[in-house]
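# Architecture and fold: a report
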Amino acid sequence: MIKRISKQIMKMPQLYFTTRMLAPFSQHNHNHNHDHNHDHNHSHPDFQAQQKAQPQYTQEQIQQKHKEIDNIIKSNQVVLFMKGTPTQPMCGYSNYAVQVLQFYKVQNYHSVDILSDPLMREEIKKYSNWPTFPQLYVKQELVGGCDIMMEMHKEGTLKELFNKI
């Protein structure tokens with residue numbers, strides 16, 4: 001078996017790389033000083049860093065979104081801002097949050113899919129001053145994200161929190 005594989009490898013065309021071809025992939029951790037004539041600023045447009053176009057929202061749209069967030073949080077005992085839905089979470093952390101709520105038999109919680117609403121996704125971060133998802137609110141207070149939920153579950157404080165609902 002090994003002989004057959006090595007014969008196949010030997011039949012493969014040889015590739016020769018010059019240092020110029022490898023330069024974009026090297027880390028440039030050289031301990032010697034000399035000029036490198038690398039032109040990093042003029043690469044082909046397909047390989048240049050791209051910026052996503054950020055949608056422009058009016059101040060009125062932003063204020064309306066803050067009112068919507070406020071209303072959701074005040075109208076529900078438990079709110080989970082997550083990626084995806086409880087039946088179809090779109091990331092492992094959101095899935096974990098849903099599993100925790102199921103484990104504690106929290107039935108009537110409100111979930112918000114932040115992937116379906118880019119303005120909601122940005123504004124809930126500002127509203128909560130919390131940069132990641134999921135975000136769990138209980139009785140109008142931010143509990144935190146997945147890491148906080150995990151820690152509280154281990155300590156038993158999450159059970160206490162849900163028992164008060």
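Because the structure is predicted, anything quoted here is derived from the model rather than measured.

### Description of the nonpolar core
One finds L80, L101, L136 and F162 to be the most contacted residues of the largest nonpolar core, which totals 17 residues. Elements with a contribution of two residues or more to this core: β1 (78–82), α4 (92–103), β5 (135–138), α6 (146–155) and α7 (157–163). When residues of this core are assigned to their parent elements, the largest contribution, four residues, is made by α4. If you look at the next biggest cluster of nonpolar residues, it comprises 11 residues, including I69, I73, V79 and Y137.

### Points about the side chain of E123
Tracing the chain through its elements places E123 in helix α5 (residues 118–128). A polar side-chain atom of E123 sits 2.7 Å from a polar atom in the side chain of H66. Once residues lying within four places of it in the same chain are set aside, the contact partners of E123 are I62, K65, H66 and I69.

### Observations concerning the packing of helix α3 (residues 59–75) against α5
At a minimum axis distance of 10 Å, the contact between α3 and α5 shows a crossing angle of 70 degrees. Looking at the two axes, α3 sits roughly perpendicular to α5. Crossing hand, α3 versus α5: right-handed. Residues Q61, I62, K65, H66, E68, I69, D70, I72 and I73 of α3 form the contact with α5, whose participating residues are L119, M120, E123, I124 and Y127.

### What to know about the packing of α4 against α6
The contact between α4 and α6 brings their axes to 9 Å, and the two run at 35 degrees. Pair α4 / α6 crosses with left-handed handedness. Residues Y93, Y96, A97, V100 and F103 of α4 pack against C146, M149, M150 and H153 of α6. Residue classes in the contact of α4 with α6 are distributed as eight nonpolar, one polar and no charged.

### Side note on the confidence of the model for the protein
Residues with a pLDDT of 70 or more make up 73% of the protein, whose mean pLDDT is 82. Between residues 5–36, whose pLDDT stays under 50, and residues either more than four places distant or in other chains, the model counts nine contacts.

### Topic: the packing of aromatic side chains
If you walk through the whole model with that rule in mind, you get three aromatic pairs. A centroid spacing of 5.0 Å and a plane angle of 90 degrees characterise the contact between F103 and Y104, whose relative ring orientation is edge-to-face. With 5.5 Å between their ring centres and 45 degrees between their planes, Y104 and F162 make a pair best called tilted. Of this pair, Y104 sits in the loop between α4 and β4 (110–113) while F162 is found in helix α7, placing the two residues 58 residues apart along the sequence. When its relative accessible area of 7% is taken as the criterion, F162 is described as buried. Put simply, the rings of F103, Y104 and F162 touch in pairs and so form one group of aromatic residues.

### Brief notes about the side chain of Q135
Relative to the assigned elements, Q135 resides in strand β5. Within the structure, the side chain of Q135 is placed 3.0 Å from the side chain of S128, a separation counted as a polar contact. Contacts of Q135, omitting those with residues within four sequence positions, involve V79, L80, F81, I124, K125, S128, W130, L142 and G144.

### Regarding the sheet that holds β5
The four strands lie next to each other as β4-β1-β5-β6, forming an open sheet whose pairing is mixed. Of all the strands in the sheet, the pair left with one neighbour each is β4 and β6 (141–144). Neighbour-to-neighbour, the strand axes of this sheet turn through a mean angle of 25 degrees, independent of strand direction. Of the strand pairs in this sheet, β1 and β4 are connected by four bridges, and their pairing is parallel. Within β4, the position partnered with L80 by the bridge is S111. Set on the sheet, α3 makes contact with β1, β4 and β5; between it and β1 the angle comes to about 135 degrees. In the packing of α4 onto the sheet, contacts are made with β1 and β5, and the angle to β1 comes to roughly 160 degrees.

Reading the values: rules and limits
Every chain begins its residue count from 1, and numbering advances along the sequence as written. This being a predicted model, a pLDDT of at least 70 is required before a residue's local features are given, and a value of 80 or more before pairs of side-chain atoms are given or counted; all residues contribute to the totals for chains, interfaces and linings. Note that water and hydrogens are dropped before the side-chain values are worked out from all heavy atoms of the structure. Among buried residues, those of type Ala, Val, Leu, Ile, Met, Phe, Trp, Tyr and Cys that are joined through side-chain atoms within 4.5 Å constitute a nonpolar core. Burial classification: accessible surface area is computed with a 1.4 Å probe over protein chains only, and a residue below 20% of its type maximum counts as buried, one above 50% as exposed, and the rest as partly exposed. Secondary structure elements are taken from DSSP: a helix is a run of H or I of four residues or more, a strand is a run of E of two residues or more, and numbering for both begins at the N terminus. Contacts described as polar in this section are N or O atom pairs within 3.5 Å, which, within protein, must combine one atom able to donate a hydrogen with one able to accept it, while residues neighboring in sequence count only if both atoms come from side chains. Contacts are assigned to residue pairs that have any heavy atoms within 4.5 Å of one another. Angles run from 0 to 180 degrees between N-to-C directions of axes, and those axes are lines fitted to C-alpha atoms, restricted for helices to the stretch in contact. Under this scheme an angle from 65 to 115 degrees is roughly perpendicular, one under 35 degrees roughly parallel, and one over 145 degrees roughly antiparallel; angles in between are oblique. Take the far helix as the reference: if the near one is turned anticlockwise from it by less than a right angle, the crossing is left-handed, and if turned clockwise, right-handed. We call Asp, Glu, Lys and Arg charged. Ala, Val, Leu, Ile, Met, Phe, Trp, Tyr, Cys and Pro are nonpolar, and the rest, Gly among them, are polar. What pLDDT reports is the predictor's confidence in each residue, on a scale of 0 through 100. Aromatic pairs are defined between Phe, Tyr and Trp rings, using the six-membered ring for Trp, whenever the two ring centres lie within 6.5 Å; interplanar angles under 30 degrees are classed as stacked, those over 60 as edge-to-face, and all others as tilted. Strand pairing is assigned whenever DSSP detects at least two bridges linking the two strands.

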